[in-house]
There are 2 protein chains.
Amino acid sequence: MKISTRTRYGLRAMLEIARGESAILQKDIAENQGISNKYLDQIVHSLKTAGLISNARGKKSGYVLTRDPGKITLYDIHRAFDPEVCLVECLSENIKCELSDTCQAQPVWSGLNKIVIDYMRSVTLESVLKGKESLRNK
Amino acid sequence: MKISTRTRYGLRAMLEIARGESAILQKDIAENQGISNKYLDQIVHSLKTAGLISNARGKKSGYVLTRDPGKITLYDIHRAFDPEVCLVECLSENIKCELSDTCQAQPVWSGLNKIVIDYMRSVTLESVLKGKESLRNK
DNA sequence: TTGTAAAACTACCAAAAGAGTAGGATAAGT
DNA sequence: ACTTATCCTACTCTTTTGGTAGTTTTACAA
């Protein structure tokens, strides 16, 4: 039960982009964050495919957010890499657990799933930049 | 980011034990829950090592909880399999992330970690048996 | 005391996921 | 044309996960 490095690096890259007043190059993100530029390739690509960032190509390129930092959540970023936030298989829409009718454990996991998603939805790039998350920390 | 089957089966096994009015054999748990008895070996062993269940050996054996169902939490069960609930490496006590002083992402993950742990602590075998978790579900 | 049933313990294996690398294709300045 | 940076595909290596197999130990019962 771990958050993948893709999601973690993805968040850091998004923060880097959100922080800058102008467009920022992928290779600069890589440098600032100490992440291999090649690996960041995939990450940035996923973020772009998810519609969270965009860029102009060529010399004057560089990435920018497609919308307000207050409107981009951790949930959005996470889903750029994992389409479904699903802590246990039996909750997945694709799979029907044959025990689900009688299984008393299922509501436990679905409850956990819900609070995780709710949390992720509540965290925006803006709130992170303002340091609001650190308040929950204690 | 998944809950392991060990933890999931572990919860189901614990519920099975908690439900019964008398001691229950491992092989009966396996049968009732549709889990390979051999695999359950490991799971039951972890639960026992963690001090959550105990048994008499030999013919009249069978497992029982070591304490009140209201005093055994999902967090206890989870830790029987994963010693540390830690969604990202940089939160681990063993590892010191060199970025941690300036990293704005870290509080996000530590906040997530906290709510997950809080949830797990709030779920007891007793509350599950009474179906209280299903209320959060919607 | 011997048989037997169940749990304990150890070792192993196969599949999947995760993390990261490599390299060529493409597009857009200069 | 040359360069620079992104795009895209494929591949590799490592770790984790899920699960099986087999042998040992314990304790009861005939």
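All values derive from a computational prediction rather than experimental measurement. Every chain is numbered on its own, with residues counted from 1 as its sequence reads. Chains carry letters and ligands carry numbers; both start at the beginning, A for chains and 1 for ligands, and go up in the order they are written. The predicted origin of the model limits local features to residues at a pLDDT of at least 70 and limits the giving and counting of side-chain atom pairs to 80 or more, whereas totals for whole chains, interfaces and linings rest on all residues. Working from all heavy atoms in the structure, the side-chain values ignore hydrogens and water.

Draft legend 1. Representation of the protein's contact with DNA strand C in the model. A single heavy atom is enough: if one lies within 4 Å of a molecule or strand, its residue is considered near that molecule or strand. Near DNA strand C you find 22 residues, and of these Lys38(A), Gln42(A), Gln26(B), Lys48(B) and Tyr63(B) are the closest. The contact atoms of DNA strand C, taken as those within 4 Å of the protein, divide so that sugar and phosphate hold 63%. A 3.5 Å cut-off defines polar contacts: any pair of N or O atoms within that distance qualifies, except that in protein one atom must be a possible hydrogen donor and the other a possible acceptor, and neighbouring residues in sequence count only when both atoms are side-chain atoms. The separation between a phosphate oxygen of DNA strand C and a polar main-chain atom of Thr5(A) is 3.2 Å. Contact distances for DNA strand C include 2.6 Å between a phosphate oxygen and a backbone N or O atom of Gln26(B). Strands are runs of DSSP state E lasting at least two residues, helices are runs of H or I lasting at least four, and both sets are numbered from the N terminus onward. No other element matches helix 3 (residues 37-49) of chain B, which puts five residues into the surface near DNA strand C. Under the scheme applied, nonpolar residues are Ala, Val, Leu, Ile, Met, Phe, Trp, Tyr, Cys and Pro; charged residues are Asp, Glu, Lys and Arg; polar residues are all the others, including Gly. Partitioned by chemical class, the residues of the surface near DNA strand C number four nonpolar, nine polar and nine charged.

Draft legend 2. The arrangement of the protein's contact with DNA strand D in detail. Taken together, 22 residues form the shell around DNA strand D, and within it Gln26(A), Lys48(A), Tyr63(A), Lys38(B) and Gln42(B) come nearest. Per the 4 Å cut-off to the protein, sugar and phosphate atoms form 58% of the nearby atoms of DNA strand D. Within the side chain of Lys38(B), a nitrogen or oxygen atom sits 2.6 Å from a base oxygen of DNA strand D. Those elements that place two or more of their residues in the surface near DNA strand D are helix 2 (26-33) and helix 3 (37-49) of chain A together with helix 1 (5-19) and helix 3 of chain B. The biggest single contributor to the surface near DNA strand D is helix 3 of chain A, with five residues. Considered class by class, the residues forming the surface near DNA strand D number four nonpolar, nine polar and nine charged.

Draft legend 3. Highlighting the packing of helix 3 of chain A against helix 4 (residues 74-81) of chain A. All names here are of chain A. Axes here refer to lines fitted to C-alpha atoms; in helices the fit is confined to the stretch in contact. Angles between the N-to-C directions go from 0 to 180 degrees. Direction vectors running N to C along helix 3 and helix 4 enclose 115 degrees, while the axes themselves pass 8 Å from each other. Handedness of the crossing formed by helix 3 with helix 4: right-handed. Of helix 4, the residues touching helix 3 (which contributes Ile43, Ser46 and Leu47) are Ile77, Ala80 and Phe81. Of the residues assigned to the contact of helix 3 with helix 4, the class counts are five nonpolar, one polar and no charged. In this scheme the crossing of two helices becomes right-handed for a clockwise turn of the near helix relative to the far one and left-handed for an anticlockwise turn of less than a right angle. Here, residues are in contact when the closest pair of their heavy atoms is within 4.5 Å.

Draft legend 4. The arrangement of the packing of helix 5 (residues 106-122) of chain A against helix 5 (residues 106-122) of chain B in detail. Running from N to C, helix 5 of chain A and helix 5 of chain B point in directions that differ by 155 degrees, and their axes come no closer than 10 Å. Classified by the angle between their axes, helix 5 of chain A and helix 5 of chain B sit roughly antiparallel to one another. Of the two elements, helix 5 of chain A crosses helix 5 of chain B, and the hand of that crossing is right-handed. Facing helix 5 of chain A, whose interface residues are Pro107(A), Val108(A), Gly111(A), Leu112(A), Ile115(A), Val116(A), Tyr119(A) and Met120(A), helix 5 of chain B presents Pro107(B), Val108(B), Gly111(B), Leu112(B), Ile115(B), Val116(B), Tyr119(B) and Met120(B). Its residues assigned to classes, the contact of helix 5 of chain A with helix 5 of chain B comprises 14 nonpolar, two polar and no charged. When describing relative orientation, an angle under 35 degrees is termed roughly parallel and one over 145 degrees roughly antiparallel, while 65 to 115 degrees is termed roughly perpendicular and anything else oblique.

Draft legend 5. Here's a closer look at the interface of chain B and chain A. Contact residues are listed per partner, giving 37 residues for chain B and 37 residues for chain A. We define buried area as the total accessible area lost by two parts upon association, computed with a 1.4 Å probe and summed across both. Approximately 3700 Å² of surface area, both sides summed, lies buried where chain B meets chain A, with 66% of it carried by carbon and sulfur atoms. Salt bridge criterion: a side-chain nitrogen from Lys or Arg within 4 Å of a carboxyl oxygen from Asp or Glu. Put simply, chain B and chain A have zero salt bridges between them. Scanning the region where chain B abuts chain A turns up nine residue pairs in polar contact (both at pLDDT 80 or more). Elements that contribute at least two residues to the side of chain B that touches chain A include exactly helix 1, helix 4 (74-81), helix 5 and helix 6 (125-129) of chain B. If you tally residues by element for the side of chain B that touches chain A, the top one is helix 5 of chain B, at eleven residues. Class assignment for the residues of the side of chain B that touches chain A results in 21 nonpolar, seven polar and nine charged.

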